[in-house]
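What follows is each chain in one-letter form.
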Amino acid sequence: INRLLEYWETELTDKIDAHLSHLHGKPAEQLLALLEFITENETNRYDASMRCWALQDERAATVVRRVDRKRLAYVRDLFLKMGFRAEQARIRSRMAYYDVVGEHTALAEERTLESRLEDIKLRHELLTGWRAAVNRPPRS
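Residues numbered from 1 in each chain as written. Predicted model: local features only at pLDDT ≥ 70, side-chain atom pairs only at ≥ 80, totals over all residues. Heavy atoms only, no water.

**Observations regarding helix α3 (residues 47-54)**
Those residues of α3 that sit buried are D47, M50 and A54. Looking straight down α3, one finds that the buried residues subtend no more than 65 degrees of arc, so they occupy a single side. (Buried < 20%, exposed > 50% of the residue type's maximum accessible area, 1.4 Å probe, protein only. Helix = DSSP H or I, 4+ residues; strand = E, 2+ residues; numbered from the N terminus. Arc of directions from axis to C-beta.)

The structure is reproduced here in structure tokens:
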């Protein structure tokens, strides 16, 4: 049980942060890269299960709270770097986070990766006001 919790926290949170930490550029670009990475790799695929488990198990609840704090702080800091006031950054980070967690777990519809990535770009634009260039270079 502890190893499963550790896997979810390290492999699906800490390693994502480490993977994306090398990114340079505007915070809005970094946020878009994060959202696309989560979507492409489905790193949120266990979030619903972890949250259900956390309702019944205090060990899981502790890890879920810690992961939520880490993830929300990371995204909030990107919004702060974009120039949003603290309260706006807090709300926008929650909206982005709830969207990513909820999309994978709440919607049973079958969608292509391409359509999901297009939606990510639009939701990102709505949250940041920043429009991704049409011909961005491919991510490595």
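**A closer look at the nonpolar core**
The biggest cluster of nonpolar side chains holds 19 residues, and the ones touching the most others in it are I16, L31, L34, L35, V75 and F79. For this core, the secondary-structure elements that each account for two or more residues are α1 (2-20), α2 (27-41), α4 (58-81), α5 (86-106) and α6 (113-128). Discounting residues that sit within four places of it in the chain, L31 has contacts with V75, L78, F79, M82, H124 and T128. Counting residues in hydrophobic clusters, the runner-up holds 10 residues, among them L5, L12, M50 and V67. (Core = buried A, V, L, I, M, F, W, Y, C linked by side-chain atoms within 4.5 Å. Contact = heavy atoms within 4.5 Å.)

**Focus on the packing of aromatic side chains**
Enumeration over the complete set of coordinates arrives at 2 aromatic pairs. Plain terms: the ring middles of F79 and F84 are 5.7 Å apart, the flat faces sit at 70 degrees to each other, and that makes the pair edge-to-face. F84 carries the same exposure label as F79, and that label is buried. Consider the rings of Y97 and Y98, whose centres lie 6.5 Å apart with planes at 45 degrees: the pair is tilted. (Phe/Tyr/Trp six-rings, centres within 6.5 Å; stacked < 30°, edge-to-face > 60°.)

**Some remarks on the packing of α1 against α3**
Where α1 contacts α3, the axes come no closer than 12 Å and their chain directions differ by 135 degrees. If you check the angle between α1 and α3, you find them oblique. When you trace α1 past α3, the crossing you get is left-handed. Judged by residue contacts, L4, L5 and W8 of α1 engage D47, M50 and W53 from α3. Its residues assigned to classes, the contact of α1 with α3 comprises 5 nonpolar, no polar and 1 charged. (Axes fitted to C-alpha atoms, helices over the stretch in contact; angles between N-to-C directions. Parallel < 35°, antiparallel > 145°, perpendicular 65-115°, else oblique. Left-handed = near helix turned anticlockwise from the far one by under 90°. Nonpolar A, V, L, I, M, F, W, Y, C, P; charged D, E, K, R; others polar.)

On their own, these measurements won't tell you what the molecule is for.
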